[in-house]
Structure formats: C-alpha cells, structure tokens
Amino acid sequence: MFEFDYTNAMASRVGEHGLTDAEWAAALAAGRPAFDAVEKDAAAGKTGFRKLPKQDSTGIARVAKSAAGFENLAVLGIGGSALGTTALASALLHPWWNFAAPEARRAPRLFVLDNVDPEEIAGFLEIALPERTVYNVISKSGETAETAAQLLIFVNALKRRLGDRWREHVIVTTDPEKGFLHHLALREKLPSLPVPPDVGGRFSALTAVSLLPLAVCGVEPQRLLAGAATVEERGRDAAFKAAVLYTALYRKGKKIAVMMPYSRALRDVADWFRQLWAESLGKRKSLDGKDVYEGQTPVKALGATDQHSQAQLYNEGPNDKLIAFLEVSRFRRPCPIPAVFEDDTCKFLGGKDLGELLHAEKKGTERALTANKRPNITFRIEGVTPETAGGMLHFFELMTAYAGRILNVNAFDQPGVEAAKHATFALMGRTGYESLAKEIEREAPADTERRVERI
Ligand code: PA5
C-alpha cells in the first residue's frame, strides 16, 4: 500500500549529508522513548486523531445525502478546517471536477473558500448562486474571524433570496460542546456534525471536517478510514522511522523539508502537510518550558512543474534541505503520447505514455539530487484510492506526532496562531479585546521610525 524509501538519505549515497549506519542506529535508539511515550498516550485514549480510523461515519453519510442534490458545495473554513478537504478532493475527484458536466459528476461542484479576500468572495457570489449552493461552515473552535465573516456574508445573501429557508443551505461542522458555531447550530436548528474535542484542526482531516464534503462528492468515508486503520495497525514503525530520519537530518542542518509530489492528484497533500509540519513542530517552548525555537521549514513543490522552477536551487544551492518525493506507481488512467512528428525533439516520446514520462522525470531529479549529495526520500503508493489517500494522511499525522516527541515540543498546540487570531479580534473591535487593541496601537512605529520607499 505504502512505501517509505530512504535509501538516498544514507551516507552511502550522499556522503556526510546523509546518515551513517551508526548515526541511524543511534537516532533510532534515542527516539525509542519518544515512540513509547506517544504510544502510551494513544493507548490511554489521550490522542484524539488516533481514534479516528475506528469512528462510526454513518451520521456523516446521512448528512451528505441531504446535500448531494445542490449544484454547489462551498466549504467555509481556514487552516486545518480547509486544507485536508482540498488535499483529498484533489486526490480523489476528477482533476477537472468543477468543469465536468453535471451528468458526469452527479454531485455538486466543490469550492473550498479558505480566505477572506474580498474579490474572491464577492466573485464567488456571482458564479455560485446562493439558492443553488449548500454551505458547509467548518470551524473547530467555532470562533475564527475569517470563517465567521464568510458565514455572515453567505447567510445574508441566502436570507435575502430565501427568507427563513436559508437554514436548508447551511451545515455546521464544529466542536460538539462549545463555541459560537455550536450555539448557533443549536439556536437555528442547523444540521451539525462534530469535530471531536480532542482532535486539533490540522489533525482533523479524517473527521467530518473533510469526510463530509468528500462524501457529498461521492467518496465513501469508510474507505478513507479503512486506509487510515491499516496504517494505524501496520504503519506505526515506518512512521516512527520517518520521524527519526526527518529529525536526525534536521539536527544535521537540513532545516528545510521539501515535499514534491510527482502526481497532480497528490499536489495538495504537500500543502496540507506544510501546515501539519509547520504548526506542529514550529515551537518556541520545549515540553519542559525552555526556549528552544524548534521547527523545520516545510516547502511544497510539484514535479515535474517545479523542476523548471526550484530544481536548480535544490541541486546547487545551500545543502540545507531534505527532499521528499510523493510517487504513485500506477496512474489511474493512461494518456498515450502519439507519434506525430519524426523530428528528434519529439520522436522518442511518440508511443510512450505521459505516466512514463512523469516517472522518468522523477527518476532523473532523484538521480541528480543524489549525485549532488542532496538527501532525498520517496513516499510511494501503488495508486491513488480513498484507502491510500486516507492512509497517507494518517501516516504523516503519526510521523508528526512522533517527531514532536523526539524534538520535545508539543505537536498539538499552536500558541503562535492563537496570538494572531486575538490580534485580529482586537483590530476588528471585538468586545473583550479593548486592552489588546490599545496595546497594538501603542506598539505602532512612530513616524520617525518608519522606513518606506514610495514610487
Ligand atoms: O491546526 C489548527 O488548529 C489551525 O490551523 C486551525 O485549523 C485554524 O486556525 C482554523 O481554526 P478553526 O477550525 O477553529 O476555525
């Protein structure tokens, strides 16, 4: 189902930029207590995302049915409430899903609105009529300003067109016990699905957060969960080894982790992983309260596109990166390259398949990086299916949990994100944030301090 190939991260392949057998053995031994601690927490039921593969998804399937007849499904959410859905939709829906004929799709167009850019949202109201759209508003905390602002805009548009029937167009996904959205759903009698209280935003892809939008588009939640269950059962050791490898190379100076899928379907997994890795490991404080400023910077790239954009830097720039390829052994459909011209530039391509070309591009990049002593690894799946996609996300979540313990930071909080959220509340005049608003005003640079060039 899933392979983690780290051959090219070893010293035998990339010299001092990789790990010697002795370093690898030492890193595995040093990481073992972290593995045990993570497993102990999971066994005690303290790690919410570890329970997700066994969840009952019948409630999700039921709500999904009620939304399937709409022309559009708009997901309103940000960060962990959006990125998993985008990743799974790219992986599992037709690559041109929203452009496909309705008879071919037989499910709504899917839009993940994860920002508050006024042009984007105002434009969306023009291309997706509210009366033909169901809005799935997703927020674990139920308090996020961006998501609340989107909700106000769309509910207002629905009310103007449909009056009290606006409620038939809104589905809530949020914490089942607290937060504005939870209370709104109760008050307005909106259908509501839970994000388990012990599952944080970036670990919530395999909850209703992403399972519902995908189910509305015809992807069975059980299949995603079955893949995650397989990884939970058989993939923990590999995820631990991957965490050991990433952290050991980070300690050896590989401060940047590039994820480069050679598959359009997995393109947004790299974007989802970027949040998971950055928010989970980028921490000022260690678990014992010391200032440590940990974190490896995740970067997303796409093969073969970024060979023509980033590969120069990866091959010849600073040797400060670990490059992870995501590879698919078999693409779901062929696309033969016809033999049309006899010229040398094209002749060798004719009669081959685009999949063959993309695999050759990946091999070529891997070879060049290895020759340049750049450590690189490959996560390989047989093919993209709901099972392998669910399994892959669960694998990276496990890897992140282990890496957090190895680095001795809390992988499950995000104090840096909270600080910016509160500052936004203060700047936008939310009650209770008056003193923070004053503090922000006081901190503003004096006119004499400003350095701005104007043209
Ligand atoms: O991982 C996280 O916790 C964050 O990125 C959140 O997902 C993000 O801030 C959105 O929060 P919420 O789902 O509460 O609206």
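Located above this text is the structure these notes cover.
First things first, this report covers the structure right here in the doc. (Residues numbered from 1 in each chain as written. Predicted model: local features only at pLDDT ≥ 70, side-chain atom pairs only at ≥ 80, totals over all residues. Heavy atoms only, no water.)

1. Regarding helix H11 (residues 236-251)
In this model H11 runs 22 Å from its N-terminal to its C-terminal C-alpha over 16 residues, within 8% of the 22 Å that 1.5 Å per residue would give. Every buried residue of H11 is accounted for by Ala-239, Phe-240, Ala-242, Ala-243, Val-244, Leu-245, Tyr-246, Thr-247, Ala-248, Leu-249 and Tyr-250. (Helix = DSSP H or I, 4+ residues; strand = E, 2+ residues; numbered from the N terminus. Expected span 1.5 Å × (residues − 1). Buried < 20%, exposed > 50% of the residue type's maximum accessible area, 1.4 Å probe, protein only.)

2. A short note on the sheet that holds strand S11 (residues 321-328)
Read from one edge of the open sheet, 5 strands run S1-S12-S11-S7-S10, paired in mixed fashion. Strands at the two margins of the open sheet, each flanked by one partner only, are strand S1 (2-5) and strand S10 (297-300). For this sheet the average axis-to-axis angle between neighbouring strands, irrespective of direction, equals 20°. Bridge count between strand S7 (residues 256-261) and S10: 4 bridges; the pairing is parallel. Its bridge partner being in S10, Val-258 is matched across the sheet by Val-299. Contacts from helix H16 (residues 386-407) reach S1, S7, S11 and strand S12 (376-381) within the one sheet, and its direction differs from that of S12 by about 145°. (Pairing = 2+ DSSP bridges. Axes fitted to C-alpha atoms, helices over the stretch in contact; angles between N-to-C directions. Contact = heavy atoms within 4.5 Å.)

3. Quick word on the site of the ligand
Taken together, 14 residues surround the ligand, and among them Ser-81, Ser-139, Ser-141, Thr-144 and Gln-275 come closest. The separation between an oxygen atom of the ligand and a polar side-chain atom of Ser-141 is 2.7 Å. Measuring from an oxygen atom of the ligand, one finds a side-chain N or O atom of Lys-421 at 3.3 Å. For the ligand, the accessible surface in isolation is 390 Å², of which the surrounding protein chains cover 93%. Looking at the shell around the ligand residue by residue, the class counts come to 1 nonpolar, 9 polar and 4 charged. (Near = heavy atom within 4 Å. Polar contact = N/O pair within 3.5 Å; in protein donor to acceptor, adjacent residues only side chain to side chain. Areas by Shrake-Rupley, 256 points an atom, 1.4 Å probe, with all protein chains shown as cover. Nonpolar A, V, L, I, M, F, W, Y, C, P; charged D, E, K, R; others polar.)

4. Here's the deal with the sheet that holds strand S3 (residues 109-113)
Strands belonging to one sheet form pairs held by backbone hydrogen bonds; the direction of such a pair is parallel or antiparallel. An order of S3-S2-S4-S5-S6 is seen for the 5 strands of this open sheet, with the pairing classed as parallel. Sheet topology places S3 and strand S6 (192-194) at the edges, where each strand pairs with a single neighbour. Each strand of the sheet is rotated relative to its neighbour by a mean of 20°, with strand direction disregarded. Bridge count between strand S5 (residues 170-174) and S6: 3 bridges; the pairing is parallel. Of the residues in S6, the one forming a bridge with Val-172 is Ser-192.

5. A look at a negative patch on the surface
Taken together, the side chains of Asp-114, Asp-117, Glu-119 and Glu-120 define an acidic patch exposed on the protein surface. Along the chain, Glu-119 falls in helix H6 (residues 118-127). According to the relative accessible area criterion, Glu-119 is exposed, its value standing at 68%. (Patch = residues over 30% accessible without salt bridge, like charges linked within 9 Å, V, L, I, M, F, W, Y side chains within 5 Å. Salt bridge = Lys/Arg side-chain N within 4 Å of Asp/Glu carboxyl O. Lys, Arg positive; Asp, Glu negative; His and termini not counted. Charge placed at Lys NZ, Arg CZ, Asp CG, Glu CD.)

6. Quick look at the nonpolar core
Tyr-246, Val-269, Trp-272, Ile-377, Phe-379, Phe-396 and Met-399 are the most contacted members of the largest nonpolar core, which has 91 residues in total. Ranked by residues supplied to this core, first place goes to H16 with 11 residues. Counting residues in hydrophobic clusters, the runner-up holds 20 residues, among them Ala-128, Leu-151, Val-155 and Leu-184. (Core = buried A, V, L, I, M, F, W, Y, C linked by side-chain atoms within 4.5 Å.)

7. Quick word on the environment of Arg-50
In this structure, Arg-50 sits in the loop between helix H2 (21-43) and helix H3 (58-67). Residue class for Arg-50 comes out buried when judged on its relative accessible area of 9%. Not counting chain neighbours up to four residues away, the residues in contact with Arg-50 comprise Val-38, Glu-39, Ala-42, Glu-232, Arg-236, His-394, Leu-398 and Tyr-402. Only 2.9 Å separates the side chain of Arg-50 from the side chain of Glu-232, close enough to count as a polar contact.

8. Some thoughts on the packing of aromatic side chains
Using the criterion set out here, one finds 23 aromatic pairs in the structure. Taken together, a centroid distance of 4.5 Å and an interplanar angle of 40° make the contact between Phe-2 and Phe-395 tilted. Taken together, the positions of Phe-2 in strand S1 and Phe-395 in helix H16 put the pair 393 residues apart, joining distant regions of the chain. Between the aromatic rings of Phe-240 and Tyr-402, the centroid separation amounts to 6.1 Å while the plane-to-plane angle is 85°, which identifies the pairing as edge-to-face. Placement of Phe-240 in helix H11 and of Tyr-402 in helix H16 is noted, with a sequence separation of 162 residues between them. Like Tyr-402, Phe-240 is buried. (Phe/Tyr/Trp six-rings, centres within 6.5 Å; stacked < 30°, edge-to-face > 60°.)

9. Let's talk about the environment of Asp-353
The topology assignment puts Asp-353 in the loop between helix H14 (344-347) and helix H15 (354-371). Here Asp-353 falls in the buried class, since its relative accessible area comes to 18%. Residue contacts for Asp-353: discarding those within four places in its chain leaves Pro-334, Cys-335, Pro-336 and Ile-337.

10. Observations concerning unusual backbone geometry
Here the amide bond leading from Gly-303 into Ala-304 is cis, since omega sits at 0°, within 30 degrees of zero. Relative to the assigned elements, Ala-304 resides in the loop between S10 and helix H13 (311-316). Residue Arg-106 is not a glycine yet carries a positive backbone phi of 50°. Mapped onto the elements of the fold, Arg-106 is located in the loop between helix H5 (102-105) and S3. With relative accessibility at 73%, the residue Arg-106 sits in the exposed group.

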